[in-house]
Structure formats: C-alpha cells, structure tokens
There are 2 protein chains.
Amino acid sequence: MAESEKEAALPPKEEFSDWYNELLWMAEIMDVRYPVKGLYVWYPFGFAIRRSTYNIIREILDNSGHQETLFPLLIPENEFMKEAEHIKGFENEVYWVTHGGKDSLDIPLALRPTSETAIYPMYKMWVRSHADFPIKLYQIVNTFRYETKHTRPLIRLREITSFKEAHTVHATWEDAEAQVKEAVELYTEIYRRLAVPVLRSRRPDWDKFPGADYTDAIDAMMPDGRTLQIGTVHHLGDNFAKTFDIKYEAPDGEQRYAHQTCYGISERSIAATISIHGDDKGLVLPPEIAPVQVVIIPIIFKKGAEEVLAACRDVQERLKKTGVKVEIDASDLRPGAKYYRWEMKGVPLRLEIGPRDLENNVAVSVRRDTGEKEQIPLPEIETGVLQKFEAIQNSLYEKAKVGLESRIFDCTELEEVKEKIQKGVATIPWCGKKECGLAMEDRIGAGILGIPLTPRGKGKEKCPVCGAETETRVYVARTY
Amino acid sequence: MAESEKEAALPPKEEFSDWYNELLWMAEIMDVRYPVKGLYVWYPFGFAIRRSTYNIIREILDNSGHQETLFPLLIPENEFMKEAEHIKGFENEVYWVTHGGKDSLDIPLALRPTSETAIYPMYKMWVRSHADFPIKLYQIVNTFRYETKHTRPLIRLREITSFKEAHTVHATWEDAEAQVKEAVELYTEIYRRLAVPVLRSRRPDWDKFPGADYTDAIDAMMPDGRTLQIGTVHHLGDNFAKTFDIKYEAPDGEQRYAHQTCYGISERSIAATISIHGDDKGLVLPPEIAPVQVVIIPIIFKKGAEEVLAACRDVQERLKKTGVKVEIDASDLRPGAKYYRWEMKGVPLRLEIGPRDLENNVAVSVRRDTGEKEQIPLPEIETGVLQKFEAIQNSLYEKAKVGLESRIFDCTELEEVKEKIQKGVATIPWCGKKECGLAMEDRIGAGILGIPLTPRGKGKEKCPVCGAETETRVYVARTY
C-alpha cells in the first residue's frame with residue numbers, strides 16, 4: 001500500500017515523540033487517519049505483531065490455569081452504577097449507548113471501560129462452593145474510554161482494541177493476595193518474552209484502582225525517561241463480592257463473601273516493546289513477535305543468478321520447516337533499498353547469499369539489533385539461525401535492562417528528584433503518610449509511581465517532608 | 001461451576017429448540033442469564049470451541065492470501081450515512097453512542113453492524129494503483145444489531161461476538177466476481193473442516209446485501225428442516241467505490257473506480273456444527289475443534305489400581321506429545337456418570353483402560369459419534385487415535401451430507417412445496433421474474449432461499465406462477 005510514500009527518513013530516536021509517530025506509520029503498525037479522535041487502524045503488519053504478542057500472553061495464562069472466555073461489551077446502567085468507588089473512577093470516561101435504531105433505550109448501555117460490572121453479576125451465579133476455587137478467567141476484548149486528554153496510538157486510546165483482563169475468585173483475602181503475586185510474576189514473564197525489563201511497584205493508595213484494596217503495577221521506561229504503565233494487578237478484597245453478592249459455602253457450611261483480583265494488559269505492551277528496542281533505522285523486534293523473522297537477500301550478478309536464487313529458495317524451505325517466518329526479497333530494488341525496507345520492519349536477521357558465499361557454502365547473516373555480520377555454514381543454517389534468535393533476544397533484554405537500571409537514580413533531596421526525573425526514575429525515602437506523599441508530589445511536580453515490590457531502601461533514612469525515619473523508598477517518575 | 005446442577009437429562013433432539021437451548025447450558029457453551037436481552041456469555045468450554053473453530057478460519061484465509069487487520073468499532077454518523085442503500089438496510093438496527101461521560105457527543109457514533117463504512121474511508125487512502133491489487137483483508141470482531149425479533153444464542157444476537165468479515169479490492173468487476181467464487185470455495189472448505197455440508201445459492205435480488213450487486217450465500221440445514229445462513233459473499237461492484245471515492249490508476253494511466261467484495265462468517269458456524277452433529281446425549285464434536293479430544297477412563301479395581309493409573313498417565317503423555325488434547329478422569333464418579341459427563345461435552349473418543357486391558361496390552365476405544373467399541377494396541381495408541389479422528393471426521397460429514405441431501409425435495413407444484421418445506425428444502429422452477437418470485441413466496445408462506453450455484457434444473461420446466469418456460473430451479477426454505 002503506497003510503499004513509495006514511505007521512503008522518507010525516520011526522525012532520530014532522540015526526538016522520541018516524533019520518532020514514535022513516524023515509526024508507527026512508516027513500519028505500517030497503525031494508521032492514525034481514521035476519522036474519529038483516539039481511534040486507530042491496525043495495518044496487517046502491525047496486527048501480525050499483535051497476534052504473536054497475544055499468543056505469548058495466551059500461552060502464559062493458559063499454562064498457569066487461566067481459561068479464556070468472553071463477556072458482552074454492553075453493560076446496563078443499573079449494574080454499572082452498583083459499586084460507588086468504581087463509578088467515581090469511571091463516570092467521566094464512559095461512552096453511553098442510548099439508542100437502538102430510532103428507539104430510545106429504556107436502560108442506557110455503557111461500553112465497558114473494564115468488565116467488573118459485566119462479569120461479577122455472572123460470578124454471583126457461578127460461585128457456589130469453596131471447591132469451585134480458584135476461578136481464573138480472562139478475556140481479550142475491546143474496551144472504551146472517553147479520553148479528553150491528548151490521545152496517542154497504542155498508548156492513550158478511546159478504543160483499547162486489545163485489553164487482556166483476568167478476573168479471579170478465591171476464598172480468602174490471603175488467597176487473593178497470593179494470586180496478585182502470581183499475576184505480577186506472570187506479567188514479568190510475559191515482558192521477559194518481549195525483552196522488556198520492568199519496574200514493579202505498589203501504587204500509592206490515592207492512585208489505586210477504584211474499588212480495590214491495593215494495586216500493584218508494572219511500568220516500562222520509555223526512551224524519554226517517562227514511565228509507561230503496562231500492566232496492573234488489583235486486589236479487590238471482598239469489596240465487589242459485597243456489592244454483587246458473590247458468596248461461597250465454606251468447608252464449615254457457612255456462606256462467606258469471596259475475595260477477588262483482576263489484572264490487565266493492553267496494546268501498551270506493544271508500544272513499550274517497539275519504543276524500547278527500536279532505533280534510528282526503524283523497528284527492532286524480538287524474534288518471537290517479528291512477522292518476518294528472516295529476510296533472505298539474493299546477491300545477484302549476471303553470472304550464477306539461477307544458482308543463487310535456487311540456494312535462497314532452498315534455505316527458505318528449510319527454515320520454513322523449522323517454523324521460521326522467512327521471506328526472500330527478489331525484487332528489483334537495489335540492495336541498499338532492500339536493507340532500508342526490512343530494517344524499518346524490524347526483521348531480526350538478514351541473510352545475504354551471493355555467488356562467492358555459495359562457493360564457500362555459507363550465508364552471511366546480519367543482525368538487525370547490532371549490525372553484526374557473521375557467516376553461517378549452509379548445512380547448519382537452521383541451528384545457526386535459531387542460535388542467532390536466542391542471542392538477539394538475550395542481547396535485546398540485557399541492553400534494555402542496562403538502559404533501565406542506569407536511569408534509576410537514588411536521591412535524598414526533592415530538588416535532586418526534580419532534576420533526575422528529567423532523565424529517568426528517581427527514588428526517595430517516604431514515611432508512608434499520605435500528606436507527605438501528596439506534598440512531595442506537589443513540590444516535585446510529578447507523581448509517586450509506587451513502592452518498589454523489591455525494596456530499594458538503604459537502611460534508616462529520613463522522609464524529606466516530615467523528617468520521620470523510614471526504611472522505605474518510593475519511585476518518582478514522569479508518566480505517560 | 002455448579003456441575004451438580006446439570007445432571008438432568010437433555011430433551012430429545014427431536015424437540016430441537018428445547019434441545020438446543022438446554023445443550024448450550026448443560027455442555028457449558030453459553031450462559032444466557034446475562035442481564036440484557038440478546039447478549040450472552042461464553043463459558044470457557046464454549047470459548048475453547050470458538051478458539052479452534054476460528055483458528056481454522058484464520059488458517060484457511062491466511063493460506064489464500066488474506067491478511068488479518070483491525071478497524072475501530074465506532075463509526076461516525078456522517079460516514080455511516082454516506083451509502084443510501086446501505087443506510088436503508090441497517091438504520092433500524094444500529095446502536096448509537098450519543099454520550100461520552102456526561103458530555104453529549106457532537107457526532108453520534110454507530111456501533112458497527114458491519115464495517116464497510118469504517119473500512120472504506122481508509123481504502124480511499126490506501127488504494128493507489130492497479131499494482132496494489134488484490135487487497136484482501138479481514139478482521140474478527142464484535143458487531144452489533146439492535147434485534148427486535150426473538151434472539152437466540154449463537155444465532156440471532158445483539159452482539160455478534162465473532163464476526164469474521166473480509167473486504168477485498170480489485171481492478172475490474174470480473175476480478176471481483178472471481179473473488180466471490182474463491183470466497184464461496186473457501187467457506188465450503190471451512191465448513192468441510194467442521195464436517196458441515198452446505199447449500200450454496202445466489203440470493204434473490206430482493207434479499208441481497210444492501211448496496212451489493214449480488215449476494216451468494218451458504219446455508220446449513222438445521223435438524224428441524226429450517227436453513228441457517230452461515231456465510232454470505234457480496235459482490236459490491238463499484239457501488240461503494242463511488243460513494244467512498246476509491247480509485248486506482250490503471251495501467252493506461254487513467255483513474256478508475258475499484259471493484260469490491262466482502263464476505264462474512266459468524267458464530268453461527270458453531271451453532272450449525274453443534275446442531276447438526278449433536279445427539280440425545282449432548283455434543284458431538286469434530287475432533288479438530290473439540291476442547292477435549294480424548295478422555296481416558298481408568299477402570300479401577302482394588303487390585304492393580306496403581307498399574308492402571310500409571311498406564312493411563314503414560315498414554316496421556318504420549319498422546320499429548322502427538323498434539324492430542326487429552327484428559328484423564330480419575331474422579332470418584334461411577335463410570336456411568338463419567339460417560340454421561342464427557343459425552344455431554346462431545347469428546348470424540350473415550351479410552352477405557354482396566355487390568356484386563358493391560359494384560360492384553362490394549363485400550364478400549366469408544367467413539368462418541370457411533371458408540372463403536374474397538375481395541376487399540378497400546379504400542380500403537382498414537383496412530384490408532386489419529387486414525388479414529390479421521391474416521392470420525394469423515395463419518396460425521398458423510399452422515400450430515402446424507403441427512404442434507406435426503407431432505408432436499410424437487411417439487412413442481414406450490415402445494416407440494418408448502419408440504420415439503422416442513423421437513424427440509426424444496427426446489428421449484430422459477431422463471432426469474434421478481435413478481436413471480438414474490439407471488440410464490442406469498443403463496444408458499446416461506447422465502448426463496450436462492451438459485452443453487454450448482455444448477456439443479458431438470459431441463460425445460462414451467463414457472464408455477466406464470467407458466468413461462470425455464471431451466472432454473474430455486475431453493476425454497478423456512479429459515480432462521
């Protein structure tokens with residue numbers, strides 16, 4: 001589709017916001033020209049990344065005892081309005097369907113902003129006995145927020161097209177707490193597969209999910225030093241169980257309220273992956289989610305062209321049998337233009353095969369992430385390519401991890417925090433009192449991200465607001 | 001979830017409507033208790049069938065050059081209202097979003113009933129040159145119809161949760177016609193994988209898709225003799241191209257309007273599969289879409305229980321490695337209750353292993369579709385099971401095909417048609433004139449389904465209304 005329009009150069013990644021917008025367009029991830037603000041179109045290439053990313057999510061959830069399901073999009077107003085905190089959190093963001101055909105509906109229907117109020121009336125009927133627990137269901141759906149802020153593809157949307165939300169039910173508060181921990185680990189594992197290192201923290205109380213006891217969150221650090229929330233896990237206590245009357249029969253025969261958790265991941269997972277790994281030439285994709293994992297470029301001269309093409313096709317066939325997604329670019333473009341095109345698309349490995357390589361019985365492999373060139377003997381092309389994939393995956397993760405850790409700054413003064421959060425995340429002691437937290441946020445001009453789940457305390461220190469002793473440090477960050 | 005509530009017997013399949021509703025509940029396909037009419041909840045078991053069914057659809061589309069994509073759900077009123085015929089066809093069925101939070105929206109947003117008006121404004125920008133063709137995109141999405149008729153799970157819905165819609169663009173009318181033919185073949189292939197034989201016909205002009213030149217359709221015959229439309233393929237000519245200004249540069253340098261097709265399949269595919277194959281005991285699933293393909297029942301006596309369980313686990317492991325979805329039912333239920341439970345869920349093959357079987361080094365296989373018992377030597381259990389799957393798949397299809405063909409009745413009189421359509425589909429000569437068609441429908445009290453794509457004419461016959469000679473016969477049927 002109009003490839004020719006996209007030959008312009010990408011802005012340098014340093015200009016992150018421009019780079020991001022142009023990359024989504026030039027690499028054919030999203031088209032932003034849909035005629036409604038905050039709604040975007042997935043190009044087939046972008047959707048192929050989405051498909052493999054969500055296959056990873058499905059695999060990890062299925063293997064940990066979750067089951068996929070699907071609930072309706074439309075939530076009747078009376079159900080939606082049942083949980084007071086929840087309403088407060090969402091009422092300004094909900095789209096309402098008020099008409100069917102030319103009829104005005106008796107009960108307006110909300111487009112789900114999240115599905116607690118669609119799912120929990122069913123859980124009321126489904127939950128009977130302690131023997132039913134744990135119930136661990138998830139769905140991958142579109143959800144809606146009437147965003148009045150600046151929207152941005154994959155990051156801030158009016159239609160979140162790819163919301164994976166899990167909803168679990170347990171007997172006790174402690175069982176639900178254990179589920180929260182499992183979910184945080186599963187999300188970490190998902191992001192490890194995307195080569196994305198994460199920050200894990202407990203959100204301050206004033207920033208938790210409306211209706212939750214607490215919220216643990218996963219954030220990525222974007223190239224501009226701001227954090228992007230890419231996963232949240234909520235301990236719902238028995239708050240929703242009381243609202244929706246979800247009770248179970250305990251072993252002693254008593255009826256008790258259930259305890260619940262819910263946790264979500266959206267296409268922000270793809271925004272983070274793209275942003276963290278990409279470079280001035282375009283996408284850099286972890287092999288597992290690359291729609292094209294290997295591109296073979298035949299190096300053609302007049303003499304021996306047929307042999308070269310035959311060798312390329314042979315390599316393609318063999319790699320396909322190994323399950324590798326591989327293309328040959330036998331187009332008439334000059335090699336430089338071919339490189340440009342496939343580098344933009346983030347193809348992890350390029351194989352060049354020319355007459356001299358055939359004489360030596362090798363292919364020249366070029367890694368997208370490092371540019372590193374190496375010969376792979378043709379008889380070992382399958383294992384050679386798979387080893388490269390593993391090396392690329394590990395190296396992407398390690399590089400990103402170094403990048404993340406080098407931008408976490410332990411501070412003691414609020415002034416220092418103000419400076420450091422221009423480059424990344426700051427940590428600062430906090431006594432835990434809400435008024436001190438809010439005062440800090442006010443003075444810094446940025447929010448407390450949360451208390452790291454792996455403590456970053458350095459022994460006894462002082463809260464910079466009230467001076468009280470504390471062993472707790474919190475993350476402070478500019479956020480998306 | 002509350003298995004115990006579901007021990008009641010299924011109504012006999014002869015009472016199809018009751019059987020269908022009870023089966024969806026007892027086999028845990030859909031829960032109909034969601035508090036909005038026409039919206040239903042997928043149970044995890046039902047969703048697993050949905051997942052494998054749509055994997056087949058994806059595979060067949062991907063392998064024929066289609067690419068998956070995703071467009072927004074919300075369509076602005078001004079785009080939706082562009083195509084006059086299209087509006088007439090849908091205006092009474094569209095849900096409208098009129099509010100975001102507490103704000104009234106400037107432009108109301110339609111929930112897509114189908115996505116022509118969401119996709120074609122983008123096609124206007126994407127289509128440039130004849131070299132771009134064919135464009136063959138599809139998406140699997142939720143769509144919405146404000147149904148005022150009686151709703152029914154999987155069949156007549158207010159939220160169609162699983163609408164696969166393809167939208168293609170071509171240079172000429174003939175290219176689009178060829179695409180319609182390809183789509184009909186692909187749909188036939190999809191249904192062959194579901195062991196569902198189909199009727200293929202061209203809808204009469206008054207029953208085509210609003211805005212199309214013509215509509216070819218695929219119908220299944222349900223157990224009560226009514227047909228269920230389970231796939232439609234529309235030749236859009238250049239009608240939408242003119243409305244949405246979709247032009248391409250032809251090889252001669254001229255700007256010409258493109259020609260388009262679109263075609264869709266929904267979760268009715270699952271309704272048909274379940275209805276056609278199921279029996280008085282519950283689901284009967286083609287192996288490829290069964291969430292559990294094999295259930296192993298250990299036949300336990302006091303003596304040798306450990307050996308039997310070990311053998312069952314060994315068989316399970318080996319089958320898993322072959323890619324078979326296999327469960328062991330080692331619960332305390334009596335064998336009869338286990339059979340009941342897994343038969344209800346449509347598990348294609350049951351393997352029973354007891355001490356005597358171990359002595360003979362065999363498992364006893366029991367087919368869900370025929371009840372046929374046979375010994376499979378344990379050393380050959382993998383190939384034995386896969387052969388059974390193939391036999392089951394073929395036999396389901398053949399049985400359904402005989403069932404379909406035995407209920408197509410060639411008639412010459414309208415009175416005969418009236419009688420035969422109580423049992424199935426009738427064919428009757430038709431001269432092709434609209435007034436004769438409508439008169440026939442009126443006298444029969446049922447609709448013309450369409451002109452069979454494979455002609456069923458019997459030489460020169462007479463139109464029962466006007467007496468004109470014709471070689472065309474049409475299907476007449478009671479429809480869902």
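Here is what the cut-offs are and how they apply
Residues numbered from 1 in each chain as written. Chains lettered and ligands numbered in written order. Predicted model: local features only at pLDDT ≥ 70, side-chain atom pairs only at ≥ 80, totals over all residues. Heavy atoms only, no water. UniProt positions renumbered as here; feature names shortened; annotations may be inferred. Least-squares fit on C-alpha atoms with pLDDT ≥ 70 in both. Contact = heavy atoms within 4.5 Å. Salt bridge = Lys/Arg side-chain N within 4 Å of Asp/Glu carboxyl O. Helix = DSSP H or I, 4+ residues; strand = E, 2+ residues; numbered from the N terminus. Buried < 20%, exposed > 50% of the residue type's maximum accessible area, 1.4 Å probe, protein only. Buried area = accessible area lost by both parts, 1.4 Å probe. Nonpolar A, V, L, I, M, F, W, Y, C, P; charged D, E, K, R; others polar. Pairing = 2+ DSSP bridges. Core = buried A, V, L, I, M, F, W, Y, C linked by side-chain atoms within 4.5 Å.

Under UniProt, the name given to chain A is Proline--tRNA ligase, and the source organism is Methanosarcina acetivorans. Its UniProt record gives chain A a comment under Function, which states: "Catalyzes the attachment of proline to tRNA(Pro) in a two-step reaction: proline is first activated by ATP to form Pro-AMP and then transferred to the acceptor end of tRNA(Pro)." According to the UniProt record, the Subunit comment for chain A reads "Homodimer."

A few words now on the relation of the copies chain B and chain A. Turning chain B through 180 degrees and shifting it by 0.0 Å along the axis lays it on chain A, with an RMSD of 0.0 Å. The transformation just described matches what one would write down for a two-fold rotation axis. The rotation axis passes nearest to the C-alpha of B:Val97 in chain B, at a distance of 2.1 Å. The overlap is high: 100% of the interface residues of chain B also sit at the interface in chain A, so the same surface is used on both sides.

Here we take up the pattern of salt bridges. For the structure on display, the rule yields 70 salt bridges over all chains. Notably, a salt bridge pairs A:Arg193 with A:Glu59, separated by 3.0 Å at the nearest N-O pair. Residue A:Arg193 is located in helix H6 (residues 173-193), and its partner A:Glu59 is located in helix H2 (residues 44-62); the two are separated by 134 residues in the primary sequence. On the basis of relative accessible area, A:Glu59 is assigned to the partly exposed category, the value being 35%. One salt bridge in this structure joins A:Glu471 and A:Lys460, with 3.9 Å as the shortest N-O distance. Taken together, the residues A:Glu471 in the loop between strand S24 (469-470) and strand S25 (473-477) and A:Lys460 in the loop between strand S22 (447-452) and strand S23 (461-462) connect sequence positions 11 residues apart. Across this residue pair, the class does not change: A:Glu471 and A:Lys460 are exposed. Residues participating in the shared-partner salt-bridge network are A:Arg51, B:Arg58, B:Asp62 and B:Glu68.

All right, on to the interface of chain B and chain A then. Tallying the contact residues gives 60 residues for chain B and 60 residues for chain A. Here chain B packs against chain A, burying approximately 5,200 Å² in sum over the two surfaces, 63% of which is carbon and sulfur. Where chain B meets chain A, there are six salt bridges. Classifying every residue of the side of chain B that touches chain A by side-chain character gives 34 nonpolar, nine polar and 17 charged. Of the pairings in the sheet, the one linking strand S5 (residues 95-100) of chain A to strand S5 (residues 95-100) of chain B comprises five bridges and is antiparallel in character. Paired with A:Gly100 across the strands is B:Tyr95, a residue of S5(B).

Before going further, it helps to spend a moment on the nonpolar core. In this structure, A:Leu111, A:Tyr123, B:Leu111 and B:Tyr123 are the most contacted members of the largest nonpolar core, which totals 88 residues. Residues contacting A:Tyr123, with those up to four places away along its chain left out, are A:Ile135, A:Leu137, A:His167, A:Val169, A:Ile246 and A:Gln260.

On a regular strand, one side chain projects to one face of the sheet and the next to the other, so that they alternate. Residue and element names in this part refer to chain B. Counted residue by residue, strand S17 (residues 349-353) has five buried out of five residues, so it is predominantly covered. Residues of S17 alternate between two faces, with Leu349, Leu351 and Ile353 on one and Arg350 and Glu352 on the opposite face, all of them buried. With five bridges connecting them, strand S15 (residues 294-298) and S17 associate as parallel partners. When the sheet's bridge partners are listed, Ile297 is paired in S17 with Glu352. Two elements, S17 and strand S18 (residues 362-367), share four bridges in a ladder whose sense is antiparallel. Opposite Leu351, over in S18, you have Ser365 as the bridge partner.

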